[in-house]
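Observations on the three-dimensional arrangement
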Amino acid sequence: MTGWRPAYIYTLALVAMGAGWGLTQPLTKIAVSTGHQHFGLIFWQLVIGAAIAGTLTVLRGRGLPLGRSNLIVYVVIAILGTVVPNSASFQAIAHLPVGVHTIVLSLIPVMAFPMAIALGMERFHARRFIGLLLGLAGVLLLILPESSLPDPAMFIWILVSLIGPLCYAMEGNYVARWGTADMDPFQVLFGASLVGALMALPLAIGTGQYISPFRVWAGPEWAFVASSAIHLAVYSTYVWLVGRTGAVFAAQVSYLVTGFGVLWAMLLLGERYSPFIWAALVFVLAGVWLVQPRTRDRLAEAEPIGDIAARSGDTGEQKT
């Protein structure tokens, strides 16, 4: 292969990943449009994830480690990577425009940076601090102007939406600080999905949110399955790309996920945004660009191992 061909392929893979992960946001909006609730959706999302990750783990000749340190990783990743953030996200996206929710999700590295400083994994950088301020300015543009959101009452759901990136930032810093007990990404995904499903099932049944698969399937159900399948396919590509190009290059997918998420919402759901929301998008993406580690920086905002529709940061370790 000549030199330009690998770069061409990697760039195409990056764009495809951004388009795929961006598409999962409007698909999720469709999935919750008929009243499917978060715990029921999370349970089946984890079941699908466990089935696919488990198959890949077996095909690769790997087992599922069950030592104490492994189980701790599964529990932490299940809680911070799926159960809590997806509970918040599924509820928020039912009330917010997809584009707004996607912008909020892109704040992961902005939130991860101060956590990394507190954990002693990062030192203060003026450039990255400015990025933090720009991210905050983007959030303020979403919630303060009365004409920003279609309905000012959506303000509360912006706060709920912020729970997702907060958890993912905590998850990413956990992985960067304590690692994944020498497991590869698919082992972590397999174990965390199993543990998360065991957590979500009683919650779904106890709250009356369990979704029986033995029903007439319509658009929302198929949209949910498509979203879960796309996520796993893109995640597999992400792991491959990190191995070929490094975490810094692969992390650029965060900008594409945000852009494609907004674009897909406009094309599929007919969403339109106020000038304040477009300004917030610019501020947030600028903030993420400044906060993202450069090649020589220590990669503290390791990409989270949980669900990743628009998750930013880097994965020196991996993600779920």
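Coordinates for the structure precede this section.
Keep in mind it's a predicted model, so treat the numbers as computed, not measured.

The next subject is the overall build of the chain. Secondary structure summary: the chain contains 13 helices and zero strands in total. For the chain, the α and β elements follow one another from N to C terminus as α-α-α-α-α-α-α-α-α-α-α-α-α. Considering the chain as a whole, with its 320 residues, one finds that 55% of them fall into the buried category. Taking the contacts inside the chain whose residues are at least 6 apart along the sequence as the reference set, 83% of them involve residues at least 24 apart.

In this section: the nonpolar core. Ranked by internal contacts, the top residues of the largest apolar core, which has 47 residues, are Leu 142, Ile 158 and Leu 162. Per element, the largest residue contribution to this core is six residues, and it comes from helix α13 (residues 275-291). Beyond its immediate stretch of four places on either side in the chain, Leu 162 contacts Val 104, Leu 107, Met 111 and Val 139. Counting residues in hydrophobic clusters, the runner-up holds 19 residues, among them Met 17, Phe 190, Tyr 238 and Val 253.

The full count for this structure, using the stated rule, is four salt bridges. With a closest N to O distance of 3.1 Å, Asp 184 and Arg 60 form a salt bridge. In this pair, Asp 184 sits in the loop between α8 (163-178) and α9 (185-206) while Arg 60 sits in the loop between α2 (38-59) and α3 (68-93), placing the two residues 124 residues apart along the sequence. For Arg 60, a relative accessible area of 39% puts it in the partly exposed group. A salt bridge links Arg 215 to Glu 221; the nearest nitrogen and oxygen atoms lie 3.7 Å apart. Relative accessible area serves as the criterion here: at 40%, Arg 215 is assigned to the partly exposed category. Using a relative accessible area of 10% as the deciding quantity, one classes Glu 221 as buried. One network of salt bridges, with partners in common, ties together Arg 60, Arg 62 and Asp 184.

A separate point is the environment of His 101. For His 101, the location among the structural elements is in helix α4 (residues 98-105). When the C-alpha positions of His 101 and Trp 157 are compared, they lie 9.2 Å apart, and in sequence the two are 56 residues distant.

Looking at the secondary structure, you find Ala 200 in helix α9. Overall, the relative accessible area of 0% leaves Ala 200 in the buried class. Measuring from C-alpha to C-alpha, the distance between Ala 200 and Phe 43 comes to 5.2 Å, with 157 residues separating the pair along the chain. Setting aside its immediate chain neighbours within four residues, Ala 200 contacts Phe 39, Ile 42, Phe 43 and Leu 46.

What follows concerns the packing of helix α5 (residues 108-118) against α13. With their axes 8 Å apart at the nearest point, α5 and α13 run at an angle of 45° to one another. As summarised for this structure, α5 and α13 are arranged oblique, according to the angle between their axes. Between α5 and α13 lies a crossing whose hand is left-handed. For the pair α5 and α13, contact is made by Pro 109, Val 110 and Phe 113 and by Gly 287, Val 288 and Val 291, respectively. Broken down by class, the residue content of the contact of α5 with α13 amounts to five nonpolar, one polar and no charged.

On to the side chain of Ser 106. As for its position among the elements, Ser 106 is in the loop between α4 and α5. A polar atom in the side chain of Ser 106 sits 2.6 Å from the backbone oxygen of Ile 103.

Moving on: a nonpolar patch on the surface. Taken together, Ile 117, Phe 124, Phe 129, Leu 133, Leu 136, Leu 140 and Leu 144 make up a surface patch of nonpolar side chains, about 650 Å² in accessible area. Ranked by residue count, the leading element in the nonpolar patch is helix α6 (residues 126-143), at four residues. By the secondary structure assignment, Leu 136 is in helix α6. Overall, the relative accessible area of 47% leaves Leu 136 in the partly exposed class.

In the structure shown here, the tally under the stated rule is seven aromatic pairs. Plain terms: the ring middles of Trp 44 and Tyr 210 are 6.1 Å apart, the flat faces sit at 45° to each other, and that makes the pair tilted. Here Tyr 210 lies in the loop between α9 and α10 (219-245) and Trp 44 lies in helix α2, a separation of 166 residues in the sequence. Members of the aromatic cluster, connected to one another through ring pairs, are Phe 43, Trp 44 and Tyr 210.

Moving on, we get to unusual backbone geometry. Of note, the phi angle at Ala 181 is positive, near 55°, even though the residue is not glycine. Mapped onto the elements, Ala 181 comes out in the loop between α8 and α9. Residue classification places Ala 181 among the partly exposed positions, given a relative accessible area of 26%.

Helix length check: α6 (18 residues) gives 26 Å between terminal C-alpha atoms against 26 Å at 1.5 Å per residue, within 8%. For α6, the set of buried residues is Arg 128, Gly 131, Gly 135, Gly 138, Val 139, Leu 141, Leu 142 and Ile 143. Elements in contact with the buried residues of α6: α4, α5, α7 (155-161) and α13.

Criteria and thresholds
Residues numbered from 1 in each chain as written. Predicted model: local features only at pLDDT ≥ 70, side-chain atom pairs only at ≥ 80, totals over all residues. Heavy atoms only, no water. Helix = DSSP H or I, 4+ residues; strand = E, 2+ residues; numbered from the N terminus. Buried < 20%, exposed > 50% of the residue type's maximum accessible area, 1.4 Å probe, protein only. Contact = heavy atoms within 4.5 Å. Core = buried A, V, L, I, M, F, W, Y, C linked by side-chain atoms within 4.5 Å. Salt bridge = Lys/Arg side-chain N within 4 Å of Asp/Glu carboxyl O. Axes fitted to C-alpha atoms, helices over the stretch in contact; angles between N-to-C directions. Parallel < 35°, antiparallel > 145°, perpendicular 65-115°, else oblique. Left-handed = near helix turned anticlockwise from the far one by under 90°. Nonpolar A, V, L, I, M, F, W, Y, C, P; charged D, E, K, R; others polar. Polar contact = N/O pair within 3.5 Å; in protein donor to acceptor, adjacent residues only side chain to side chain. Patch = residues over 30% accessible without salt bridge, like charges linked within 9 Å, V, L, I, M, F, W, Y side chains within 5 Å. Areas by Shrake-Rupley, 256 points an atom, 1.4 Å probe, with all protein chains shown as cover. Phe/Tyr/Trp six-rings, centres within 6.5 Å; stacked < 30°, edge-to-face > 60°. Expected span 1.5 Å × (residues − 1).

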